Amino acid sequence: MVFGKLVRSRFRRDKEEGRRLERPADLLAGDLVSFKHRLALPQDVQGRTFEIASVATYQYESGIEVQFTLVGEEGAKFYLGLDPKESQPELCLGRDLKRKDVLKLFDEDAFAGLWDEEEFAELDVEEPLERYAGWLADGYSQVTKDAVGFYYDRDCRGETLSMRQDDDSEELRYHECEGSNDSFGLSVEIWGDGDTDVSLEVYCGADVIEAMWPGDG
């Protein structure tokens, strides 16, 4: 397999050049990360190896979160988010939900309740879809409503960012939900042009990572 050859090649180069990845926050674009066979992980992540295709940064009132875009075999794409300041962070694995799937998983009126000005929404999963096996809780409770954040399409680690929009960032508003099992979450991001992104999230410890290899950089 191409990925297997790539992993072996980079493992040899790691030993020769001496760059070592000690924790997830050390990852850079081009690096490789593999996950263990753990039940805490979705089935399409367990035992798989991914390349870090890009690194972006979210700025929230509570601080920043680094988001790695993971690309695997056959173009599978997921996200890995973490607080870069924590030595043993909780990892947030995410994947996008298509609009047609949002309306299969959740009642449309209940989902629209996320935007209600007074009540926090409660969402039940009405039709679990096999392609999201391991990503779904039975239901979700809204915990954040219409909060503001800023997105940087680059790696901002080591920088001091302010809670305001500048030429290098894009403002977004977002809703967050916790799963009935607190290992799961649901995120809804609304961008300035009206585009809305919905993603499923799974939270787990950094010990689900099997190995990390440096890239070409």
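On a predicted model such as this, the values are computed, not experimentally measured, just so you know.

Caption draft 1: A look at the pairing of strand β7 (residues 139-152). Where strand β2 (residues 49-60) lies against β7, three bridges are found, and the strand directions are antiparallel. Bridged to threonine 57 within β7 is tyrosine 152. Two elements, strand β6 (residues 122-124) and β7, share three bridges in a ladder whose sense is antiparallel. In the sheet register, leucine 123 faces β7, and the bridge partner there is tyrosine 140. Alignment of β7 against strand β8 (residues 170-179), held across nine bridges, turns out to be antiparallel.

Caption draft 2: Region of interest: the packing of aromatic side chains. According to the stated counting rule, one finds 10 aromatic pairs in the structure shown. Ring centres 5.8 Å apart and planes at 5 degrees place the aromatic pair tyrosine 58 and tyrosine 60 in the stacked group. Judged by its relative accessible area of 15%, tyrosine 60 falls in the buried class. An aromatic cluster is present here, built from Tyr58, Tyr60, Tyr151, Tyr174 and Trp191 joined pairwise through their rings. Against the face of phenylalanine 120 rests lysine 145, its NZ or CZ located 5.1 Å from the ring centre.

Caption draft 3: Geometry of the side chain of glutamine 67. Counting through the fold element by element, glutamine 67 comes out in strand β3 (residues 63-71). With residues up to four places along the chain from it excluded, the contact list for glutamine 67 reads Ser54, Val55, Ala56, Tyr58, Tyr79, Leu80 and Gly81.

Caption draft 4: View of the nonpolar core. Phe35, Tyr140 and Leu186 are the most contacted members of the largest nonpolar core, which totals 46 residues. Listed in part, the eight residues of the second largest apolar core include Ala56, Tyr58, Tyr60 and Tyr174.

Caption draft 5: The arrangement of unusual backbone geometry in detail. Even without being a glycine, glutamate 74 presents a positive backbone phi close to 60 degrees. Despite not being glycine, aspartate 146 shows a phi value in the positive range, around 55 degrees. For aspartate 146, the position within the fold is in strand β7. You can call aspartate 146 partly exposed: its relative accessible area is 38%.

Scoring rules and cut-offs
- Residues numbered from 1 in each chain as written.
- Predicted model: local features only at pLDDT ≥ 70, side-chain atom pairs only at ≥ 80, totals over all residues.
- Heavy atoms only, no water.
- Pairing = 2+ DSSP bridges.
- Helix = DSSP H or I, 4+ residues; strand = E, 2+ residues; numbered from the N terminus.
- Phe/Tyr/Trp six-rings, centres within 6.5 Å; stacked < 30°, edge-to-face > 60°.
- Buried < 20%, exposed > 50% of the residue type's maximum accessible area, 1.4 Å probe, protein only.
- Lys NZ or Arg CZ within 6 Å of the ring centre and 35° of its normal.
- Contact = heavy atoms within 4.5 Å.
- Core = buried A, V, L, I, M, F, W, Y, C linked by side-chain atoms within 4.5 Å.

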